[in-house]
Amino acid sequence: MSKPIVAIIGRPNVGKSTLFNALAGQQISIVKDTPGVTRDRIYADVNWLNTQFTMIDTGGIEPSTNDLILKSMREQAEIAIETADVIIFLTDVRQGVVDADFQVANMIRRSGKPVVLVVNKVDNFKTMMTDVYEFYNLGLGDPMPISGNSKLGLGDMLDEVIKHFKPGTAEEEEDERPHVAIVGKPNVGKSSLINKLTGENRVIVSNIAGTTRDAIDTVIKHNGKEYVFIDTAGLRRKSKIKEDIERYSIIRTVSAVERANVVVLMIDAKEGVTEQDAKIAGIAHERGKGMIIAVNKWDAIEKDDKTMNKFTKDVREKLAFMPYAEMLFISAETGQRLPKLFDTIDAVIENHAMRIGTGVLNEILSEAVAMKQPPSDKGRRLRLYYITQVSVKPPTFVIFINDKELTHFSYTRYIENQIRETFGFRGTPLHFIYRERKDKG
């Protein structure tokens, strides 16, 4: 099941990014005392009392404005409201309740989503509570005082947020059908692919970027087996104006990826891999999903005997962080190689859930260490005692060692390659965790 999504919504400059960074535990959003600094909606995974959720930081809502950047920020905040399971409506005790707060409150109320009204910048609960009571006028329940900057009141706020999470239904938990997220930029052919696979126009297809506003689940039967395809709105290109504005729909992508077993990243053969493609691929990679790169519109490319190899090399270089991804050259319009897509999905799902015996893993580890010595530092060498697989989806391995400070990513990649040489694991990332043994020597 996917994690619940919590969106932080509010006017510009009420402290959304400061609160987001405090909850995420790291400096992710740019914090600057100027309205409109947070223009990209940014997400992070948060864990509170063993409950995990995905948090969205948004640019501020300016309800009535003709400014192009503020209008785009309002639209991305509206998308966040639509996508979220729970909304944190953040206000500013120093500014008090202003007209724009009432307009934002109405927007949130129309969504019908659970909302936690939070009053920020309350640095002293004893002396400032009278000012907090003013926010009852918004008609959104009890206002919760916090200080994102001083990290006061965050625990009580999070307790209130997770109360609104709906427990997963038994039907969701028992749905063993493969869930496949189709992701990519607008106009790359995601909706056309779904339509071709279903044989009917189930999804609106248009040349206007951003036509597909919502993620849509489509059940497709192939060779007697059902697959759930999740079509998403892609990321829009950056605006041609000088200042960068919101890249739409990334949260839809995050949400769809979260629900999927396998992610199909569609790339336009005419354009090649773009920065946006790499960003979308990174979301799937971070979340450990099975990965297929589908190069669409391949029928429209002039080719010789070297074209496919050259294109493959370019994709592998630009998406070097996921060399394991399977790759297909397709045409959603003509149906070229689409039957192979199902075979590849099945293979990736099998690899994503593959489990390797501990004895075999340790044989591979021993041979790997014998062929190439582990790294050393100041006379101390890394010692690898033991390896075992602890989970699947993605396959995750724990290696017991003498000292974490002696580990190096290049040697981890070497161990990974030795395991892949034996078992393949095509289409799935492998995760490695190091544990120090007490008797390290």
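The sections below set out a description of the structure shown in this document.

Conventions adopted
- Residues numbered from 1 in each chain as written.
- Predicted model: local features only at pLDDT ≥ 70, side-chain atom pairs only at ≥ 80, totals over all residues.
- Heavy atoms only, no water.
- Axes fitted to C-alpha atoms, helices over the stretch in contact; angles between N-to-C directions.
- Helix = DSSP H or I, 4+ residues; strand = E, 2+ residues; numbered from the N terminus.
- Parallel < 35°, antiparallel > 145°, perpendicular 65-115°, else oblique.
- Contact = heavy atoms within 4.5 Å.
- Nonpolar A, V, L, I, M, F, W, Y, C, P; charged D, E, K, R; others polar.
- Salt bridge = Lys/Arg side-chain N within 4 Å of Asp/Glu carboxyl O.
- Buried < 20%, exposed > 50% of the residue type's maximum accessible area, 1.4 Å probe, protein only.

## What about the packing of helix α7 (residues 190-198) against helix α11 (residues 338-352)?
Thought 1: At a minimum axis separation of 11 Å, α7 and α11 run at an interaxial angle of 95°. With respect to α11, the element α7 is oriented roughly perpendicular. The segment α7 lies against α11, with L193, K196 and L197 engaging L338, L341 and F342.
Thought 2: Split by residue class, the contact of α7 with α11 holds five nonpolar, no polar and one charged.

## Some thoughts on the pattern of salt bridges
Thought 1: The full count for this structure, using the stated rule, is 14 salt bridges.
Thought 2: A salt bridge links R11 to D101, with the nearest nitrogen and oxygen atoms 2.7 Å apart. Taken together, the residues span a long stretch of sequence, with R11 in the loop between β1 (5-9) and α1 (16-24) and D101 in helix α3 (residues 99-111) at a distance of 90 residues. Taken individually, R11 and D101 each receive the classification buried, so the pair is uniform in this respect.
Thought 3: Of the charged contacts, one joins R94 and D123 as a salt bridge, the two residues approaching to 2.9 Å between their closest N and O atoms. Placement of the pair is R94 in the loop between β4 (86-92) and α3 and D123 in the loop between β5 (115-120) and α4 (125-133), with a sequence separation of 29 residues.
Thought 4: Exposure remark for R94: the relative accessible area of 60% places this residue in the exposed category.
Thought 5: Through salt bridges with shared partners, a single ionic network connects E258, E286 and R287.

## Quick notes on unusual backbone geometry
Thought 1: Cis geometry marks the peptide bond from K393 to P394, where omega comes out at 5°.
Thought 2: Note that P394 resides in the loop between β15 (384-391) and β16 (396-401).
Thought 3: Unlike most non-glycine residues, K121 shows phi in positive territory, near 70°.
Thought 4: Within the secondary structure, K121 sits in the loop between β5 and α4.
Thought 5: Even without being glycine, K151 reaches a positive phi, approximately 60°.
Thought 6: The residue K151 is located in the loop between β6 (144-145) and α5 (154-163) in this model.

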